[in-house]
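Structure assessment
Below are the chains, spelled out letter by letter.
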Amino acid sequence: MTNISGPMPGENFLHMLNIVIFGPPGSGKGTQSARIVKKYDLIHLSTGDMMREEMKNDTPLGREVRGYIDKGLLVPDEVVLKEIDMHINRHLDKPGFIFDGFPRTIVQARALDQMLEAEGLPISLVISVDVEEEELFKRMMGRGEDSGRSDDAEHIIRRRLEVYKEQTLPLISYYMEQGKIASINGMSPVDQVFDKITRAIDTYLESQTVLPVVD
Ligand code: AMP
């Protein structure tokens, strides 16, 4: 029988595409996310942006997270998860999400899977933007001169890269086991990286296939 009354509880036919954009700090996730959001009409959920907004407004949450961010450390999982859960629930009527800078730990990845599965909206694909460490460092040092970001100073950048390797990189195996990783060479100019990303997303939309490597 055809369901003409709209989604059943736990189903959401409109909301179809959930992307995680994954990569080290300085890999261009934010820049690429802005373009992806525009092309595919997704909701951009950047935990870094959420935290910076709270810090800017000097809210209790902003004051709580500043100590971690300014040291280049991760904000505790429970704080990030509460924030992201709130944002997901606010936008369940949209065509999809792009998660930028989240998840960053295995605990966060498992929690995200649970949150989305409860809504019948699993992650579609994980776009991993690969950039060599030396280039990351160069980009972030350059960005620090005009980003105004308190965590773009040299010793903090080094710490953020260490934290990435220790706590976030293991997520590659987590999503690899789920067959969801599309690996993109992020060393090329912004437009070319975006072309590769759209190839991965369009392939997914056309055939529900995740291209493991897009070079
Ligand atoms: P980003 O803008 O994504 O590089 O994030 C800037 C900083 O915010 C990070 O260095 C962390 O201190 C904090 N942060 C952002 N997202 C997360 C997350 N998912 N888990 C823990 N801390 C986060």
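In this report, we go over the structure that sits alongside the text.

The rules behind the values
- Residues numbered from 1 in each chain as written.
- Predicted model: local features only at pLDDT ≥ 70, side-chain atom pairs only at ≥ 80, totals over all residues.
- Heavy atoms only, no water.
- Helix = DSSP H or I, 4+ residues; strand = E, 2+ residues; numbered from the N terminus.
- Rg over C-alpha atoms; globule rule 2.2 N^0.38 Å.
- Buried < 20%, exposed > 50% of the residue type's maximum accessible area, 1.4 Å probe, protein only.
- Contact = heavy atoms within 4.5 Å.
- Areas by Shrake-Rupley, 256 points an atom, 1.4 Å probe, with all protein chains shown as cover.
- Lys, Arg positive; Asp, Glu negative; His and termini not counted.
- Charge placed at Lys NZ, Arg CZ, Asp CG, Glu CD.
- Phe/Tyr/Trp six-rings, centres within 6.5 Å; stacked < 30°, edge-to-face > 60°.
- 1 Å grid on protein atoms, 1.4 Å probe; cavity = no way out; pocket = protein on both sides within 12 Å on 5 of 7 lines; lining within 4 Å.
- Points joined across faces, edges and corners; volume = space filled by probe spheres on them.
- Salt bridge = Lys/Arg side-chain N within 4 Å of Asp/Glu carboxyl O.
- Near = heavy atom within 4 Å.
- Polar contact = N/O pair within 3.5 Å; in protein donor to acceptor, adjacent residues only side chain to side chain.
- Sits in = over half its atoms within 2 Å of the grid points.
- Nonpolar A, V, L, I, M, F, W, Y, C, P; charged D, E, K, R; others polar.
- Axes fitted to C-alpha atoms, helices over the stretch in contact; angles between N-to-C directions.
- Left-handed = near helix turned anticlockwise from the far one by under 90°.

1. Section: the overall build of the protein chain
- Counting its secondary structure elements, the protein chain contains nine helices and six strands.
- For 215 residues, the compact-globule estimate of 2.2 N^0.38 gives 17 Å, and the protein chain sits close to it at 17 Å.
- Overall, the protein chain is about 60 × 40 × 30 Å in size when its C-alpha atoms are taken along their principal axes.
- Looking at the protein chain residue by residue over its 215 residues, the buried ones come to 47%.
- Contacts in the protein chain between residues at least 24 apart in sequence constitute 74% of all its contacts with a sequence separation of at least 6.
- If you sum the accessible surface of the protein chain, you get close to 11,200 Å²; carbon and sulfur atoms cover 53% of it.
- Computed over 25 positive and 35 negative side-chain charges, the separation of the two mean positions in the protein chain equals 3 Å.

2. Focus: the packing of aromatic side chains
- Within the structure shown, the criterion is met by four aromatic pairs.
- A ring pair is formed by phenylalanine 97 and phenylalanine 99, whose centres lie 5.6 Å apart and whose planes are at 50 degrees; its orientation type is tilted. Comparing phenylalanine 97 with phenylalanine 99, the two get one shared label, buried.
- On the basis of an interplanar angle of 50 degrees and a centroid distance of 6.1 Å, the ring pair of phenylalanine 99 and phenylalanine 102 is categorised as tilted.
- A relative accessible area of 0% places phenylalanine 99 in the buried class.

3. Side note on the layout of surface pockets
- Roughly 730 Å³ of internal volume is contained in the largest pocket.
- Around the largest pocket sit 36 residues that line it, and Gly48, Arg52, Arg104, Arg149 and Arg160 are the ones nearest its centre.

4. Overview of the pattern of salt bridges
- Taken as a whole and judged by the stated rule, the model has 13 salt bridges.
- Between arginine 52 and aspartate 49 there is a salt bridge whose closest N-O contact spans 2.9 Å. With arginine 52 and aspartate 49 both in helix α2 (residues 47-56) and three residues apart, this pair spans about one turn of that helix.
- Between arginine 66 and aspartate 70 there is a salt bridge; the shortest N-O distance is 3.8 Å.
- A residue is classified by how much of its surface remains accessible, and arginine 66, at 35% relative accessible area, is partly exposed.
- Shared partners join several salt bridges into a network, and the residues in it are Glu133, Glu162 and Lys165.

5. Notes on the site of the ligand
- Near the ligand, the surroundings consist of 15 residues, among which Thr47, Arg52, Leu73, Arg104 and Gln108 are the closest.
- Note that a nitrogen atom of the ligand is positioned 2.8 Å from one of the side-chain N or O atoms of threonine 47.
- Separating a nitrogen atom of the ligand from a backbone N or O atom of valine 75 is a distance of 3.0 Å.
- Out of a free accessible area of 480 Å², the ligand has 96% covered by protein chains.
- Judged by the fraction of its atoms near the pocket grid, the ligand is located in the largest pocket.
- A per-element tally of the shell around the ligand places α2 first, with three residues.
- Residue composition of the shell around the ligand, by class: six nonpolar, four polar and five charged.

6. Looking at the packing of α2 against helix α3 (residues 60-69)
- Running from amino to carboxyl end, α2 crosses α3 at an angle of 115 degrees, the nearest separation of the two axes being 8 Å. Crossing handedness for the pair α2 and α3: left-handed. Along its contact with α2, which presents Met51, Glu54 and Met55, the element α3 presents Leu61, Gly62, Val65, Arg66 and Ile69.
- The class makeup of the residues in the contact of α2 with α3 is five nonpolar, one polar and two charged.

7. Examining unusual backbone geometry
- Following phenylalanine 102, the chain continues into proline 103 via a peptide bond in cis, with omega recorded as -5 degrees.
- Structurally, the position occupied by proline 103 is in the loop between β3 (96-100) and α5 (106-118).
- The backbone of aspartate 41 sits at a positive phi, close to 60 degrees, despite the residue not being glycine.
- Given the relative accessible area of 52%, aspartate 41 is considered exposed.
- Its identity as a non-glycine residue notwithstanding, glutamine 208 has a phi of 55 degrees, on the positive side.
- One can find glutamine 208 in the loop between α9 (190-207) and β6 (213-214).

Just distances and angles here, no functional claims.
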